[in-house]
Amino acid sequence: MALGLGLSVLFAGRPITAANGVSDFNPLALPQAGDHALNILSPTMLELTLVNTKPPDPARVPSWDFVETTGEFHLPAAAEFEVAVGGQTIPVQAVGFKRRVLYAPLKERDLRIGNYLYLQLAAPVPADQTVEVKNPSGQLWPANRQFIGTASPLRLGRAIHVNQVGYLPAFPKKAMVGFYLGSLGELMLAGSPNFKLVEATSGKEIFHGRLAPRLDRGFPFPCYQHVYEADFSEVKTPGEYRLVVPGSGASFAFRIDDGVAMCFARTYALGLYHQRCGTANELPFTRFIHDPCHLAPAEVPTLQFTQTQRFLAESSADYRNNLRHTAPQLKNTASSLYPFVNQGKVDVSGGHHEAGDYSKYTLNSAAFIHFLVFAADVFPGVGDLDNLGLPESDDGKSDLLQEAKREADFLAKIQDADGGFYFLVYPRNRRYENNVLPEHGDPQIVWPKNTAATAASVAALAQCASSPLFKKQFPEAAANYLAKARLGWTFLTNAIARHGKDGAYQKLTHYGNDFMHDDELAWAACEMFLATGDTTYHQRLLQWLKPADGNARKWGWWGLYEGYGCAIRSYAFAEKTGRLKRDQLHPILLIECEKEIIKGAEDDFRRAQDSAYGTSFPEETKRVRSAGWYFSMDRAFDLAAACQLNQPVYNDPRRIFFEAILSNLNYEGGCNPVNVCYLTGLGWQRQREIVHQYAQNDRRVLPPSGLMLGNLQGGFAWLDHYGNELGALTFPSDGAQDVPYPIYDRWSDSFNVTTEFVIVNPARSLVTIALLAAQTPLKNQRWRSAPAQIEVQPTESNAGAPTYLARLRAPGLDLAQAQIVWEARDQEPAFGGTFVFTPAGSGPQWVEAEALWPDGRRVFAATEFTPAASQTSVQRRSGLTK
Ligand SMILES: [Zn+2]
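Source: prediction; values computed, not measured.

**Student:** Pulling in residues and values, what's your account of the overall build of the protein?
**Tutor:** Looking only at helices and strands, the protein has 17 helices and 31 strands in total. The principal-axis extent of the C-alpha atoms belonging to the protein is close to 90 × 70 × 60 Å. Here the protein holds 882 residues, and 63% of them are scored as buried. A separation of at least 24 residues holds for 72% of the contacts in the protein among residues at least 6 apart in sequence. Counting only carbon and sulfur atoms, one obtains 51% of the accessible surface of the protein, whose full area is about 31,500 Å². Of the side-chain charges in the protein, 83 are positive and 91 negative, and the distance between the mean point of each set is 2 Å.

What follows is the structure, given as structure tokens:
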């Protein structure tokens, strides 16, 4: 198999030795029960990995069953292990263990459990020596199962964590070293450890340095106190490298390249393309295709729509939790303060699917627009990007504004005749279209209007309408949006005049329910003022927005939250974006907004510093031992925004803010304890099971590229096929009081709604990395996805079964520089310049390829063919299809 990006150097360090004789290292392949490996984490720390599975409870695990349901554990004695190195035996001083489910998909039970034994040795394993661990009693594994590893300096070192995409030459470059050993705590490195940077292909040393301790702060239990940071910022020469820690092996290969920022930017942009609604996803822009979806008009529900009425009653049932909610419960469409004016059908096509589901939530649509337009107006060079690989790229207009316009055009359609905006677009008869591709989506309905959804829509449309670049590129749309925003504002003032400010609000779901509608109203007043200069709006804003009083922060500490954040940002940058002159602004409010933006960035900077792995995870969340809906690059947005304020000459914070943006980027790109890239379609180790209806229902193993995965999770979800088993198998337990499984390590390739994004998260992430991409030479590189083809030829047969070789052709592009992912029917996905496969079933076969260049350009191809009937093997490997 030909290999791209120097992957061949990793052969010596295969993290999992497949027991079934598969000899190629393929980090995209799913580990099988029975897979086992010996990893030399350091000269004195060995890791024995065993993958197993089990039938449903009450069945116990069939091997390495050391843990009782009470949490008590009985690890094997040190004498159970015989560690042989070059004819000598090294005594084992201590034994540790951890266990976590590796893989547990939603749709069918297919449980794969990772078991890890740790052996602390009394003497170090010398470099290049081969180690074998035996279990003389045969109690832990049969004699024919071998745990053998070689301490070669360039073996894959699982304790070494890098941004697997890479680093920008002109910016700081940091990697982390650390490892969680379960009941043995953390990996300690002896003495004052060093690191080296080597060329990926030659292994030649380019740079060396000292590892610096990097301690985590804020968790209420011991963790991440033995993590180290490798700073190789001095290396600026583009190339492909690996980070080596003597005694612990080498990292995955990564690049130092100006294309790294554009690679992330294009990948996030591709993710937005995959979320588009009311249109097709198609070649050459993606291989994750579907026909146009949700084109049928939605219905305005009547009382006969019983499911809708039930969902409304359920969603609003807790309205009394808010003492200020004096309006009647919105328990059905008849109890809305704002009855539907237009009846029958309404065109709701367009926009983007809001999350893993295909619905469209007005509040998220509005926020999505805010972040894209704000960045296009404020972040230098970002509005000019026209090369993100989208269908609209290379047309002379801003890619980000076109993405925003797609959403704003949708928003403009969901306004009722009285000016109010529908709360969401939803399936008519159920909550989720979880068993269909989008083109087979359900009939849809709209939910009633409320003041929060209307205010957010007013704000977002006014913000678009007043953007100088948007007005220049889309003058007609801008004028239309402003008229819609004015009508929406009239709805709001009528509502408040009639019901009072508090009495005008009716809760539907938790969306927009933080601070009731106060934050959305403030944002609407702000954008209407900025769009018109009319001081009537300004007076409202001065009443409604008081950043200094602390009430604008969620839970008292989360600043720049939802509508308040949008209002504060837009006001602070009103002059810079050319909307108003400084003397039209209220000087005190302006200062308060600027202070709040700086405070938000300082918070996220401090959080990044307090994380051993550089992610801006708040100490307030650490303290309560939970995690969810957390995305490092989303958090980095507030840092990027603060960098655009005028800075003091002394103590300019931009350098440290940029460092924190990059440490968050690195975390997302694989520089985390589990070496997983949390943006699909990038990195060496990729998640396949995600909370996404398209990904759950298409034919491929891998999810669409460019989708964000939550970087942190508190624990496993309860799933139909597993019940509580996934969490119960975890050792040490996530819920343990004294020393729980530490949070950055709580990853699994499983379905977990706490890792699901909403469309706002990739928007914030995309514009943050676009700020960096716009500072590289790539900002002017022309690019719009190009066509490619797959050729399939019969090749040498594999033990009598017909075998095929697939090759990608992309005229005018140098595929030798690309990383290519292959997928085919019934096959495991794989990296490679070509793809050799034996069809596992009869009938039509499909093959797809996705090539990625270091600057994020991608080409996609798909083909189908039917082997002659006599040429198909009857064997079919299990567990490979979804
Ligand atoms: Zn759709």
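There is more to say, and it comes next.
**Student:** Could you give an account of helix α2 (residues 306–316), with specific residues and numbers?
**Tutor:** Restricting attention to buried positions, one finds in α2 the residues T308, Q309, F311, L312, S315 and S316. One face of α2 carries all of its buried residues, which in axial projection span an arc of 160°.

**Student:** Please provide a residue-by-residue account of helix α5 (residues 451–466), values included.
**Tutor:** An ideal rise of 1.5 Å per residue puts 22 Å on 16 residues; α5 measures up with 22 Å between its terminal C-alpha atoms. Burial analysis of α5 places 16 of its 16 residues in the buried class, which makes it a mostly covered element. Its side-chain oxygen at 3.2 Å from the backbone nitrogen of A452, N450 defines the N-terminal cap of α5.

**Student:** Explain the environment of L662 to me, and be specific about the residues and the numbers.
**Tutor:** You can see L662 is positioned in helix α14 (residues 654–668). C-alpha of L662 to C-alpha of L30: the two residues are 632 residues apart in sequence and 30 Å apart in space. Leaving out residues up to four positions away in the same chain, L662 has contacts with F171, P172 and L772.

**Student:** Quick rundown of the domain arrangement of the protein? Include the residues and the values.
**Tutor:** Accessible area lost during the coming together of the parts is what is often quoted as the interface size. Domain annotation of the protein identifies domain 1 (7–150), domain 2 (160–259) and domain 3 (786–871). Placing the centre of domain 2 and that of domain 3 at their C-alpha centroids yields a distance of 34 Å.

Definitions and cut-offs
Residues numbered from 1 in each chain as written. Predicted model: local features only at pLDDT ≥ 70, side-chain atom pairs only at ≥ 80, totals over all residues. Heavy atoms only, no water. Helix = DSSP H or I, 4+ residues; strand = E, 2+ residues; numbered from the N terminus. Buried < 20%, exposed > 50% of the residue type's maximum accessible area, 1.4 Å probe, protein only. Contact = heavy atoms within 4.5 Å. Areas by Shrake-Rupley, 256 points an atom, 1.4 Å probe, with all protein chains shown as cover. Lys, Arg positive; Asp, Glu negative; His and termini not counted. Charge placed at Lys NZ, Arg CZ, Asp CG, Glu CD. Arc of directions from axis to C-beta. Expected span 1.5 Å × (residues − 1). Polar contact = N/O pair within 3.5 Å; in protein donor to acceptor, adjacent residues only side chain to side chain. Domains from an automatic or database assignment.

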